[in-house]
Amino acid sequence: SNPYGFEEFHASWRTLFLPFTIFWLSKYVASFQTIGDESWEGIGYVGATGGLIFIVFWFRTLFRIVKTALSSGLKSFAGNFKLVDDPDLEPENRKLLTTSLLAGLAIGIFALGFPFSIKPELMTAVFPPIKQFRSLGRFAWAFYYVWSVFVFYLLHRMIQWAKTKRIGIPAYVIAALLLSMTFTEGYLHNLGIQRRVARGHKKISAAPATNMLSPKDAAPWLKNINPDDYSGIILLPFFHSGSENLSANSSKNCAYAFKASLQTGLPLMNVM
């Protein structure tokens, strides 16, 4: 009835727009903020390109809202204003983009804990079920994917607009620079993971890929078991990680349990 985590595990503008997960850039970010004031659960960094275009897009949108409202009046504003003003798009595609963008933004705001984080002790008392969302920050993933896809659409739109103004080459250069920033940050992000996992400068060797659903990769002992004779699978030593009410040390044999469950179709009683 009173789970832990609602007030702690949420996103913030920092976890969405600052590079916490990128080696050496994360050190720079940490240098001008209080250490530990952000939850890793809320990290959904959209990249420098995504952050820059986010600011430009919404400033432009605000300007267009004011301009449309003043020119057409408030009564006809709803009918004249289009969030995605691309004349080349079919109406259903424009509707899909607009709906996805607004939904992604709404989910991103929810990941921030708004409006419940303003007065959590009051809001959770008025609406107790909201506490069941133990980790609001995970909703930032939806915002991350929606906005990242939309960024590529906006870059395409910028190039199309530039062609009509006969400034296509500068637009291509700008787009190339922005995309280069994205790929560079992706490389640095993976480099940071490599350094953290290896705990030093040793390179991580690639683990062999295993298809857990492939019969040829099934463990020999699975061939002697009839799944119809059982209701579930429990791996010993027992592991159960992720619950507040019960916790047992995770086992190194998790892969065997997952493979057995996938191969037999039986539910796994262990949790990881």
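The coordinates are above.
Residues numbered from 1 in each chain as written. Predicted model: local features only at pLDDT ≥ 70, side-chain atom pairs only at ≥ 80, totals over all residues. Heavy atoms only, no water.

**Considerations on the environment of isoleucine 225**
Line of reasoning, step 1. Of note, isoleucine 225 is situated in the loop between α8 (168–198) and α9 (254–264).
Line of reasoning, step 2. Sequence separation between isoleucine 225 and threonine 264 is 39 residues, and the spatial gap between their C-alpha atoms is 8.7 Å. (Helix = DSSP H or I, 4+ residues; strand = E, 2+ residues; numbered from the N terminus.)

**Looking at the packing of aromatic side chains**
The relative placement of two aromatic rings is captured by the distance of their centres and the angle of their planes.
Line of reasoning, step 1. Summed over all chains, the structure comprises 14 aromatic pairs.
Line of reasoning, step 2. With 5.0 Å between their ring centres and 80° between their planes, phenylalanine 110 and phenylalanine 139 make a pair best called edge-to-face. Taken together, the residues phenylalanine 110 in helix α5 (residues 91–111) and phenylalanine 139 in the loop between α6 (120–126) and α7 (140–164) connect sequence positions 29 residues apart.
Line of reasoning, step 3. In this structure phenylalanine 110 comes out as buried when scored by relative accessible area, which is 19%.
Line of reasoning, step 4. According to the relative accessible area criterion, phenylalanine 139 is partly exposed, its value standing at 30%.
Line of reasoning, step 5. Taken together, the ring pairs in this structure connect Phe17, Phe54, Phe57, Trp58, Phe143, Trp147, Phe150 and Tyr153 into an aromatic cluster. (Phe/Tyr/Trp six-rings, centres within 6.5 Å; stacked < 30°, edge-to-face > 60°. Buried < 20%, exposed > 50% of the residue type's maximum accessible area, 1.4 Å probe, protein only.)

**Observations regarding α5**
Line of reasoning, step 1. Across its 21 residues, α5 extends 30 Å between first and last C-alpha, which sits within 8% of the 30 Å expected from 1.5 Å per residue.
Line of reasoning, step 2. Taken residue by residue, α5 has Arg94, Thr98, Leu101, Gly104, Gly108, Phe110 and Ala111 as its buried positions.
Line of reasoning, step 3. Of the residues flanking the end of α5, it is glycine 113, one or two places downstream, whose phi is positive at about 90°. (Expected span 1.5 Å × (residues − 1).)

**Topic: unusual backbone geometry**
Line of reasoning, step 1. The omega angle of the peptide bond from phenylalanine 114 to proline 115 is 0°, so this bond is cis rather than trans.
Line of reasoning, step 2. For proline 115, the position within the fold is in the loop between α5 and α6.

**Quick look at a nonpolar patch on the surface**
Line of reasoning, step 1. A surface patch of nonpolar side chains, about 500 Å² in accessible area, is lined by Ile234, Leu236, Phe238, Leu246 and Met269.
Line of reasoning, step 2. Among the structural elements, leucine 236 can be located in the loop between α8 and α9.
Line of reasoning, step 3. With relative accessibility at 66%, the residue leucine 236 sits in the exposed group. (Patch = residues over 30% accessible without salt bridge, like charges linked within 9 Å, V, L, I, M, F, W, Y side chains within 5 Å. Areas by Shrake-Rupley, 256 points an atom, 1.4 Å probe, with all protein chains shown as cover. Salt bridge = Lys/Arg side-chain N within 4 Å of Asp/Glu carboxyl O.)

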